[in-house]
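Spelled out, the chains give:
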Amino acid sequence: MQIAAHKIDNHLNNSITSQKSALLYGADQGLVQERKKIIIQKVLGKDFDQMQITKLDAKNIKNSDVIVDQLNSIDLMMHKKIILVENADNNSSKHIEIAITNNKSDNFLLTLAKELTPASKLRKLYEKQADIISIPCYVDDANAIRMLIIKMF
């Protein structure tokens, strides 16, 4: 599912826990990291343990089993987990799609990528399904900065 830019913050604060997975992508990697922190806190709670986050680098993933196994693994303390796939791109979209399809747990898949074109397989995957979300992180233009200043004052 794709969320309009002006609704992203509201969705992250109120509805992200109803999703199974999120893709954060765009040129503003600082915003990607900021939104990553928000998602982690919303999904795991404010007092989460770092052990609840499993980090994977998409460039090192050779088959879908790695993500599927991590996504469906059960924490001994019965905590919800986040599987964080960094450096995702079109080459990893097939593995991520298989993982999302085979997710039988309450664990959350958080995928991070650089800029993706509208034709990107990874971006299309996240935009076409209702239970996963695509969140762009673009550098603010002059109008967005103006609106931010107005909002703050």
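Look up: the structure comes first, before these words.
Now for a description of the structure that goes with this document. These numbers come from a predicted model, not from an experiment.

Spatially, β2-β3-β4-β1-β5 is the arrangement adopted by the five strands of the open sheet, whose pairing is parallel. Of all the strands in the sheet, just β2 (53-57) and β5 (132-136) have a single pairing partner and so form its edges. Each strand axis lies, on average, 15° off the axis of its neighbour in the sheet, ignoring direction. Its contacts with the sheet place helix α3 (residues 65-72) against β2, β3 (82-88) and β4 (108-113), and it is angled at close to 175° to β2. Sitting on the sheet, helix α5 (residues 121-128) touches β1 (21-25), β3, β4 and β5, and the angle it makes with β1 is about 135°.

Put simply, side chains in a regular strand alternate between the two faces of the sheet. Of all the five residues making up β1, five are buried; the element is thus mostly covered by neighbouring parts of the structure. Alternating residues of β1 divide into S21, L23 and Y25 and A22 and L24, and every residue in both groups is buried. Note that β1 and β4 share five bridges and pair parallel. Each residue of the ladder has a partner; that of S21, found in β4, is L109.

Right, let's get into the pattern of salt bridges. For the structure on display, the rule yields two salt bridges. The residue E97 makes a salt bridge to K128 at a minimum N-O spacing of 3.9 Å. Highlighted residues: E97 in helix α4 (residues 93-101) and K128 in helix α5, separated in sequence by 31 residues. Taking relative accessible area as the criterion, E97 reaches 34% and is therefore assigned partly exposed.

Turning our attention to α5. For α5, the complete set of buried residues consists of L122, R123, L125 and Y126. The buried residues of α5 all sit within an arc of 155° when viewed along its axis, so they share a single face. Structural note: α5 exposes K121 and K128 on the side pointing more than 90 degrees away from its buried face. Tucked inside the fold, the buried residues of α5 contact β1, β3, α4, β4 and β5.

This part covers the side chain of S93. Relative to the helices and strands, S93 is located in helix α4. In this structure S93 comes out as buried when scored by relative accessible area, which is 7%. Apart from residues lying up to four places away in sequence, S93 is in contact with K121, L122 and L125.

Moving on, we get to the environment of L122. Assignment of secondary structure puts L122 in helix α5. Taking the C-alpha atoms as reference points, L122 and S93, separated by 29 residues in sequence, lie 4.8 Å from one another. L122 has contacts with L23, A88, D89, N90, S93, I96, T111, A113 and L116, leaving out every residue within four places of it along the chain.

Let us now look at the environment of S92. Looking at where S92 falls in the secondary structure, it is placed in the loop between β3 and α4. The spacing of S92 and K62 is 30 residues in sequence and 8.8 Å in space, taken between C-alpha atoms. Among the polar contacts listed, one links the side chain of S92 to the backbone oxygen of D89, at a separation of 2.9 Å.

Attention shifts here to a nonpolar patch on the surface. A cluster of nonpolar side chains, contributed by I145, I149, M152 and F153, occupies part of the molecular surface with about 510 Å² of accessible area. The residue M152 is located in helix α6 (residues 142-152) in this model. Here M152 falls in the exposed class, since its relative accessible area comes to 65%.

What counts, and at which threshold
- Residues numbered from 1 in each chain as written.
- Predicted model: local features only at pLDDT ≥ 70, side-chain atom pairs only at ≥ 80, totals over all residues.
- Heavy atoms only, no water.
- Pairing = 2+ DSSP bridges.
- Helix = DSSP H or I, 4+ residues; strand = E, 2+ residues; numbered from the N terminus.
- Axes fitted to C-alpha atoms, helices over the stretch in contact; angles between N-to-C directions.
- Contact = heavy atoms within 4.5 Å.
- Buried < 20%, exposed > 50% of the residue type's maximum accessible area, 1.4 Å probe, protein only.
- Salt bridge = Lys/Arg side-chain N within 4 Å of Asp/Glu carboxyl O.
- Arc of directions from axis to C-beta.
- Polar contact = N/O pair within 3.5 Å; in protein donor to acceptor, adjacent residues only side chain to side chain.
- Patch = residues over 30% accessible without salt bridge, like charges linked within 9 Å, V, L, I, M, F, W, Y side chains within 5 Å.
- Areas by Shrake-Rupley, 256 points an atom, 1.4 Å probe, with all protein chains shown as cover.

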